[in-house]
Amino acid sequence: MATEDSAPTRLRDRLRTAAPVVAPGVTDGIAAALAAAAGFATVYVSGAGTAAARGVPDMSILSLPELVDAVRVVSAHADPVVDLDTGFGGAAAIRRAMRDMAGAGAAAVHIEDQPFPRRCGYLTAETCVPVADMLRRLDAAQASGTDLVVVARTDALLTAGLDEAIARAAAYARAGAEMVFVNGLRTLDELRAVRAAVDAPVLYNVSGSDRSPWLTRAQASDIGVAMVIHPIQAARAAANAVRRYLADLATDVAPSADQMVRFEDYMRLAGWDEAAAFEQGLPARGEDPVLPSTAPGGAAR
(Lines give C-alpha, C1' and ligand atoms only; values in the text may rest on other atoms or scores of the structure.)
Protein backbone atom coordinates (compact mmCIF):
# COMPACT_ATOMS: atom_id res chain seq x y z
CA MET A 1 0.00 0.00 0.00
CA ALA A 2 1.08 3.58 -0.56
CA THR A 3 2.83 5.56 2.15
CA GLU A 4 2.33 9.26 2.74
CA ASP A 5 5.17 10.04 0.32
CA SER A 6 4.71 7.28 -2.25
CA ALA A 7 4.49 7.83 -6.00
CA PRO A 8 0.72 7.07 -6.12
CA THR A 9 0.09 9.50 -3.25
CA ARG A 10 2.13 12.25 -4.92
CA LEU A 11 0.26 11.74 -8.19
CA ARG A 12 -3.14 11.86 -6.48
CA ASP A 13 -2.10 15.10 -4.79
CA ARG A 14 -1.20 16.59 -8.18
CA LEU A 15 -4.47 15.42 -9.69
CA ARG A 16 -6.39 17.24 -6.97
CA THR A 17 -5.04 20.60 -8.12
CA ALA A 18 -6.70 22.72 -10.80
CA ALA A 19 -3.76 22.40 -13.19
CA PRO A 20 -3.63 19.35 -15.48
CA VAL A 21 -0.77 16.91 -14.95
CA VAL A 22 1.42 16.89 -18.06
CA ALA A 23 3.58 13.79 -18.50
CA PRO A 24 6.17 13.51 -21.28
CA GLY A 25 7.08 10.04 -22.44
CA VAL A 26 10.56 8.81 -21.49
CA THR A 27 12.35 5.58 -22.34
CA ASP A 28 15.53 5.67 -20.27
CA GLY A 29 17.30 7.29 -17.36
CA ILE A 30 18.80 10.17 -19.36
CA ALA A 31 15.40 11.14 -20.77
CA ALA A 32 13.85 10.87 -17.31
CA ALA A 33 16.58 13.05 -15.79
CA LEU A 34 16.07 15.65 -18.54
CA ALA A 35 12.30 15.61 -17.93
CA ALA A 36 12.81 16.12 -14.20
CA ALA A 37 15.27 18.96 -14.85
CA ALA A 38 12.63 20.59 -17.07
CA GLY A 39 10.17 20.53 -14.16
CA PHE A 40 8.09 17.43 -14.91
CA ALA A 41 7.34 15.54 -11.70
CA THR A 42 5.26 12.96 -13.58
CA VAL A 43 6.44 11.10 -16.67
CA TYR A 44 4.92 8.49 -18.93
CA VAL A 45 6.43 5.09 -19.74
CA SER A 46 5.00 4.03 -23.09
CA GLY A 47 4.72 0.39 -24.05
CA ALA A 48 5.48 1.25 -27.68
CA GLY A 49 8.39 3.49 -26.69
CA THR A 50 9.89 0.97 -24.29
CA ALA A 51 9.54 -1.80 -26.86
CA ALA A 52 11.16 0.31 -29.58
CA ALA A 53 14.04 1.21 -27.25
CA ARG A 54 14.70 -2.53 -26.97
CA GLY A 55 14.50 -3.08 -30.72
CA VAL A 56 11.09 -4.76 -30.91
CA PRO A 57 7.70 -3.59 -32.26
CA ASP A 58 4.63 -2.87 -30.16
CA MET A 59 3.10 -6.30 -30.72
CA SER A 60 3.00 -7.96 -27.26
CA ILE A 61 6.69 -8.84 -27.62
CA LEU A 62 7.98 -6.67 -24.77
CA SER A 63 8.12 -8.75 -21.59
CA LEU A 64 6.94 -7.74 -18.15
CA PRO A 65 10.49 -7.90 -16.67
CA GLU A 66 11.73 -5.55 -19.40
CA LEU A 67 8.97 -3.06 -18.62
CA VAL A 68 9.58 -3.35 -14.88
CA ASP A 69 13.27 -2.63 -15.43
CA ALA A 70 12.45 0.47 -17.48
CA VAL A 71 10.07 1.75 -14.79
CA ARG A 72 12.64 1.18 -12.06
CA VAL A 73 15.22 3.25 -13.97
CA VAL A 74 12.76 6.07 -14.70
CA SER A 75 11.29 6.21 -11.18
CA ALA A 76 14.65 7.31 -9.79
CA HIS A 77 13.92 10.71 -11.37
CA ALA A 78 10.13 11.19 -11.58
CA ASP A 79 6.86 9.40 -10.88
CA PRO A 80 5.94 7.13 -13.81
CA VAL A 81 2.51 6.51 -15.31
CA VAL A 82 2.93 3.16 -17.05
CA ASP A 83 1.36 1.63 -20.13
CA LEU A 84 0.51 -1.88 -18.89
CA ASP A 85 -1.16 -2.87 -22.18
CA THR A 86 -3.69 -5.64 -21.43
CA GLY A 87 -1.97 -6.68 -18.19
CA PHE A 88 0.31 -9.42 -19.54
CA GLY A 89 -2.26 -12.22 -19.13
CA GLY A 90 -5.23 -13.28 -17.04
CA ALA A 91 -6.30 -12.09 -13.62
CA ALA A 92 -3.39 -13.62 -11.70
CA ALA A 93 -0.90 -12.23 -14.23
CA ILE A 94 -2.44 -8.77 -13.89
CA ARG A 95 -2.12 -8.98 -10.11
CA ARG A 96 1.55 -9.87 -10.45
CA ALA A 97 2.14 -7.07 -12.99
CA MET A 98 0.53 -4.55 -10.64
CA ARG A 99 2.70 -5.66 -7.73
CA ASP A 100 5.83 -5.56 -9.87
CA MET A 101 4.96 -2.04 -11.04
CA ALA A 102 4.41 -0.90 -7.46
CA GLY A 103 7.76 -2.38 -6.44
CA ALA A 104 9.48 -0.58 -9.32
CA GLY A 105 8.15 2.79 -8.21
CA ALA A 106 5.21 3.40 -10.55
CA ALA A 107 2.54 5.93 -9.65
CA ALA A 108 -0.17 4.68 -12.02
CA VAL A 109 -0.87 2.18 -14.75
CA HIS A 110 -3.37 2.05 -17.54
CA ILE A 111 -4.96 -1.18 -18.71
CA GLU A 112 -6.75 -1.42 -22.04
CA ASP A 113 -9.57 -3.40 -23.61
CA GLN A 114 -7.68 -4.70 -26.63
CA PRO A 115 -7.52 -8.46 -27.19
CA PHE A 116 -4.39 -10.36 -26.22
CA PRO A 117 -1.93 -10.62 -27.88
CA ARG A 118 -2.37 -6.96 -28.63
CA ARG A 119 -0.82 -4.61 -31.17
CA CYS A 120 -0.38 -0.87 -31.39
CA GLY A 121 -3.94 0.44 -31.54
CA TYR A 122 -3.15 2.69 -34.50
CA LEU A 123 -1.83 -0.19 -36.60
CA THR A 124 -4.57 -2.78 -36.13
CA ALA A 125 -8.29 -3.15 -36.77
CA GLU A 126 -9.03 -5.81 -34.16
CA THR A 127 -12.18 -5.24 -32.14
CA CYS A 128 -11.99 -4.79 -28.39
CA VAL A 129 -12.76 -7.56 -25.93
CA PRO A 130 -16.26 -7.69 -24.41
CA VAL A 131 -16.87 -5.14 -21.66
CA ALA A 132 -17.21 -7.94 -19.08
CA ASP A 133 -13.71 -9.15 -19.92
CA MET A 134 -12.29 -5.66 -19.45
CA LEU A 135 -14.11 -5.28 -16.14
CA ARG A 136 -12.44 -8.48 -14.96
CA ARG A 137 -9.07 -6.96 -15.84
CA LEU A 138 -9.95 -3.90 -13.78
CA ASP A 139 -11.16 -6.09 -10.91
CA ALA A 140 -7.83 -7.92 -10.89
CA ALA A 141 -5.89 -4.65 -10.89
CA GLN A 142 -7.96 -3.18 -8.08
CA ALA A 143 -7.69 -6.36 -5.99
CA SER A 144 -3.90 -6.59 -6.43
CA GLY A 145 -3.11 -5.19 -2.98
CA THR A 146 -1.33 -2.14 -4.44
CA ASP A 147 -2.32 1.51 -4.24
CA LEU A 148 -1.45 2.38 -7.83
CA VAL A 149 -3.78 4.75 -9.65
CA VAL A 150 -5.70 2.54 -12.11
CA VAL A 151 -6.55 4.13 -15.46
CA ALA A 152 -8.95 2.33 -17.81
CA ARG A 153 -8.13 2.74 -21.48
CA THR A 154 -10.46 1.92 -24.34
CA ASP A 155 -9.40 1.56 -27.97
CA ALA A 156 -13.00 1.19 -29.17
CA LEU A 157 -12.97 4.56 -30.94
CA LEU A 158 -10.49 3.21 -33.48
CA THR A 159 -12.76 0.34 -34.54
CA ALA A 160 -16.31 1.04 -33.32
CA GLY A 161 -16.67 4.82 -33.11
CA LEU A 162 -17.00 7.51 -30.49
CA ASP A 163 -20.34 6.43 -29.01
CA GLU A 164 -19.04 2.94 -28.25
CA ALA A 165 -15.85 4.37 -26.77
CA ILE A 166 -17.79 6.73 -24.50
CA ALA A 167 -20.12 3.93 -23.37
CA ARG A 168 -17.15 1.75 -22.48
CA ALA A 169 -15.32 4.54 -20.68
CA ALA A 170 -18.44 5.25 -18.62
CA ALA A 171 -18.79 1.56 -17.73
CA TYR A 172 -15.15 1.40 -16.64
CA ALA A 173 -15.60 4.51 -14.49
CA ARG A 174 -18.64 2.96 -12.80
CA ALA A 175 -16.51 -0.11 -12.09
CA GLY A 176 -14.08 1.99 -10.09
CA ALA A 177 -11.37 3.15 -12.50
CA GLU A 178 -9.86 6.33 -11.06
CA MET A 179 -9.33 7.78 -14.52
CA VAL A 180 -10.43 6.95 -18.07
CA PHE A 181 -8.51 7.17 -21.33
CA VAL A 182 -10.22 7.08 -24.73
CA ASN A 183 -7.46 6.39 -27.21
CA GLY A 184 -7.37 7.85 -30.70
CA LEU A 185 -9.38 11.04 -30.29
CA ARG A 186 -9.20 13.11 -33.47
CA THR A 187 -10.60 16.47 -32.36
CA LEU A 188 -10.97 18.51 -29.22
CA ASP A 189 -14.73 18.31 -29.69
CA GLU A 190 -14.47 14.54 -29.29
CA LEU A 191 -12.47 15.11 -26.12
CA ARG A 192 -15.16 17.47 -24.83
CA ALA A 193 -17.80 14.85 -25.54
CA VAL A 194 -15.89 12.27 -23.50
CA ARG A 195 -15.40 14.68 -20.63
CA ALA A 196 -19.10 15.63 -20.58
CA ALA A 197 -20.35 12.04 -20.68
CA VAL A 198 -18.01 10.26 -18.26
CA ASP A 199 -18.11 10.76 -14.49
CA ALA A 200 -14.39 10.32 -13.88
CA PRO A 201 -11.15 12.22 -14.45
CA VAL A 202 -10.02 12.04 -18.08
CA LEU A 203 -6.54 11.34 -19.46
CA TYR A 204 -5.83 12.78 -22.91
CA ASN A 205 -3.22 11.28 -25.20
CA VAL A 206 -1.44 13.70 -27.53
CA SER A 207 -0.78 10.65 -29.62
CA GLY A 208 2.69 9.86 -30.84
CA SER A 209 1.01 8.72 -34.05
CA ASP A 210 0.14 12.39 -34.79
CA ARG A 211 -3.56 11.47 -34.91
CA SER A 212 -4.67 13.51 -31.90
CA PRO A 213 -4.33 17.32 -31.78
CA TRP A 214 -2.01 19.28 -29.53
CA LEU A 215 -3.55 20.44 -26.28
CA THR A 216 -2.24 23.39 -24.29
CA ARG A 217 -2.46 23.50 -20.51
CA ALA A 218 -5.03 26.28 -20.79
CA GLN A 219 -7.18 24.19 -23.14
CA ALA A 220 -6.85 21.16 -20.87
CA SER A 221 -7.97 23.21 -17.88
CA ASP A 222 -10.87 24.68 -19.82
CA ILE A 223 -12.09 21.25 -20.95
CA GLY A 224 -11.48 19.70 -17.55
CA VAL A 225 -8.76 17.20 -18.50
CA ALA A 226 -6.88 15.75 -15.53
CA MET A 227 -3.78 14.46 -17.30
CA VAL A 228 -2.11 14.93 -20.67
CA ILE A 229 0.51 12.47 -21.95
CA HIS A 230 2.97 12.86 -24.81
CA PRO A 231 4.00 9.20 -25.24
CA ILE A 232 6.88 8.91 -27.72
CA GLN A 233 7.49 12.40 -29.05
CA ALA A 234 10.72 12.87 -27.08
CA ALA A 235 11.99 9.50 -28.30
CA ARG A 236 11.12 10.44 -31.88
CA ALA A 237 12.99 13.73 -31.46
CA ALA A 238 16.01 11.88 -30.06
CA ALA A 239 15.94 9.39 -32.94
CA ASN A 240 15.92 12.25 -35.44
CA ALA A 241 18.89 13.88 -33.72
CA VAL A 242 20.82 10.60 -33.75
CA ARG A 243 19.99 10.08 -37.43
CA ARG A 244 21.33 13.54 -38.30
CA TYR A 245 24.49 12.98 -36.30
CA LEU A 246 25.13 9.61 -37.94
CA ALA A 247 24.49 11.05 -41.40
CA ASP A 248 27.16 13.68 -40.70
CA LEU A 249 29.53 11.06 -39.33
CA ALA A 250 29.05 8.92 -42.44
CA THR A 251 30.20 11.83 -44.62
CA ASP A 252 33.10 12.92 -42.38
CA VAL A 253 31.33 16.05 -41.20
CA ALA A 254 32.40 17.06 -37.70
CA PRO A 255 29.40 17.55 -35.39
CA SER A 256 28.76 21.04 -34.11
CA ALA A 257 28.83 21.61 -30.39
CA ASP A 258 25.10 22.31 -30.23
CA GLN A 259 24.28 18.87 -31.62
CA MET A 260 25.23 17.25 -28.32
CA VAL A 261 24.97 18.00 -24.63
CA ARG A 262 28.30 18.74 -22.98
CA PHE A 263 30.21 15.67 -21.80
CA GLU A 264 30.11 16.83 -18.18
CA ASP A 265 26.36 17.44 -18.40
CA TYR A 266 25.80 14.00 -19.88
CA MET A 267 27.72 12.34 -17.05
CA ARG A 268 25.86 14.49 -14.52
CA LEU A 269 22.51 13.39 -15.97
CA ALA A 270 23.64 9.80 -15.46
CA GLY A 271 24.14 10.50 -11.75
CA TRP A 272 27.87 11.17 -11.52
CA ASP A 273 27.70 14.00 -8.98
CA GLU A 274 25.42 12.12 -6.59
CA ALA A 275 27.48 8.92 -6.77
CA ALA A 276 30.75 10.83 -6.24
CA ALA A 277 29.27 12.68 -3.26
CA PHE A 278 28.15 9.38 -1.78
CA GLU A 279 31.64 7.91 -2.08
CA GLN A 280 33.25 11.01 -0.59
CA GLY A 281 30.81 10.96 2.31
CA LEU A 282 31.90 7.53 3.50
CA PRO A 283 34.20 7.55 6.55
CA ALA A 284 37.92 7.50 5.86
CA ARG A 285 39.78 4.32 6.69
CA GLY A 286 43.36 4.05 7.87
CA GLU A 287 45.80 1.26 7.30
CA ASP A 288 44.56 -2.28 6.79
CA PRO A 289 43.74 -3.76 10.21
CA VAL A 290 45.88 -6.65 11.40
CA LEU A 291 43.74 -9.72 11.26
CA PRO A 292 44.31 -12.52 13.78
CA SER A 293 45.90 -15.60 12.28
CA THR A 294 44.14 -18.89 12.70
CA ALA A 295 45.44 -22.36 13.27
CA PRO A 296 44.32 -25.26 11.08
CA GLY A 297 40.69 -25.97 11.78
CA GLY A 298 39.87 -22.30 12.31
CA ALA A 299 40.88 -21.89 16.00
CA ALA A 300 42.67 -18.63 16.85
CA ARG A 301 46.24 -19.05 18.18
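The present account deals with the structure reproduced in this document. (Residues numbered from 1 in each chain as written. Predicted model: local features only at pLDDT ≥ 70, side-chain atom pairs only at ≥ 80, totals over all residues. Heavy atoms only, no water.)

### Observations regarding helix 4 (residues 64–74)
All of the buried residues along helix 4 are Leu64, Leu67, Val68, Ala70, Val71 and Val74. Looking down the long axis of helix 4, one finds its buried residues gathered within 160° of arc, a one-sided arrangement. Elements in contact with the buried residues of helix 4: helix 2 (29–37), strand 2 (42–45), helix 3 (47–53), strand 3 (79–83) and helix 5 (91–104). (Buried < 20%, exposed > 50% of the residue type's maximum accessible area, 1.4 Å probe, protein only. Helix = DSSP H or I, 4+ residues; strand = E, 2+ residues; numbered from the N terminus. Arc of directions from axis to C-beta. Contact = heavy atoms within 4.5 Å.)

### Here we look at helix 2
Those residues of helix 2 not exposed but buried are Gly29, Ala32, Ala33 and Ala35. Buried positions in helix 2, seen along its axis, are confined to an arc of 160° and lie on one side of it. The backbone nitrogen of isoleucine 30 lies 3.2 Å from a side-chain oxygen of the residue at the head of helix 2, namely aspartate 28. The positive-phi residue at the C-terminal boundary of helix 2 is glycine 39, with phi of around 100°. (Polar contact = N/O pair within 3.5 Å; in protein donor to acceptor, adjacent residues only side chain to side chain.)

### What about unusual backbone geometry?
One non-glycine residue, serine 60, adopts positive backbone phi at about 60°. For serine 60, the position within the fold is in the loop between helix 3 and helix 4. Owing to a relative accessible area of 28%, serine 60 belongs among the partly exposed residues under this scheme. Positive phi outside glycine occurs at phenylalanine 88, with the angle close to 65°. If you trace the backbone, phenylalanine 88 turns up in the loop between strand 3 and helix 5. The class of phenylalanine 88 is partly exposed, set by a relative accessible area of 23%.

### Re the sheet that holds strand 5 (residues 149–154)
Pairing is parallel in the open sheet, where eight strands are placed in the order 1-8-7-6-5-4-3-2. A strand with exactly one partner marks an edge of an open sheet, and here the two such strands are strand 1 (21–24) and strand 2. Neighbour to neighbour, the strand axes of the sheet diverge by 25° on average, direction disregarded. Examined bridge by bridge, strand 2 and strand 3 share four bridges and lie parallel to one another. Bridge pairing links tyrosine 44 to valine 81 in strand 3. (Pairing = 2+ DSSP bridges. Axes fitted to C-alpha atoms, helices over the stretch in contact; angles between N-to-C directions.)

### Structural notes on the environment of valine 81
Within the fold, valine 81 resides in strand 3. Distance in space between the C-alpha atoms of valine 81 and glycine 25 is 9.2 Å, their sequence separation being 56 residues. Once residues within four sequence positions are removed from consideration, valine 81 is found in contact with Leu11, Thr42, Val43, Tyr44, Val45, Ala108 and Met227.

### A closer look at the environment of valine 198
Its location among the elements puts valine 198 in the loop between helix 9 (188–197) and strand 7 (202–205). Counting along the chain gives 193 residues from valine 198 to aspartate 5, while the straight-line C-alpha distance between them is 30 Å. If we skip the residues at most four places from it in the chain, valine 198 touches Ile166, Ala169, Ala170, Ala173 and Val180.

### So, the side chain of serine 6
If you trace the backbone, serine 6 turns up in the segment before helix 1 (7–15). Serine 6 sits in the buried class, given a relative accessible area of 12%.

### Topic: the layout of surface pockets
Approximately 730 Å³ is the volume attributed to the largest pocket. If you go around the largest pocket, you meet 21 residues; those closest to its centre are Ile30, Leu34, Ala238, Ala241 and Val242. Contributions of two or more residues to the lining of the largest pocket are made by helix 2, helix 11 (233–250) and helix 12 (263–269). A total of seven residues in the lining of the largest pocket trace back to one element, the largest contributor, which is helix 11. (1 Å grid on protein atoms, 1.4 Å probe; cavity = no way out; pocket = protein on both sides within 12 Å on 5 of 7 lines; lining within 4 Å. Points joined across faces, edges and corners; volume = space filled by probe spheres on them.)

### Looking at the pattern of salt bridges
A side chain of one charge can pair with a side chain of the opposite charge if their charged atoms are brought near each other. Evaluated as defined, the whole model comprises 19 salt bridges. As a salt-bridge pair, arginine 168 and glutamate 164 come within 2.8 Å of each other at their nearest N and O atoms. A residue pair is termed a helical-turn pair when its members lie 3 or 4 positions apart in one helix, as arginine 168 and glutamate 164 do in helix 8 (residues 162–174) at four residues. Judged by relative accessible area, arginine 168 falls into the buried class, the value being 8%. (Salt bridge = Lys/Arg side-chain N within 4 Å of Asp/Glu carboxyl O.)

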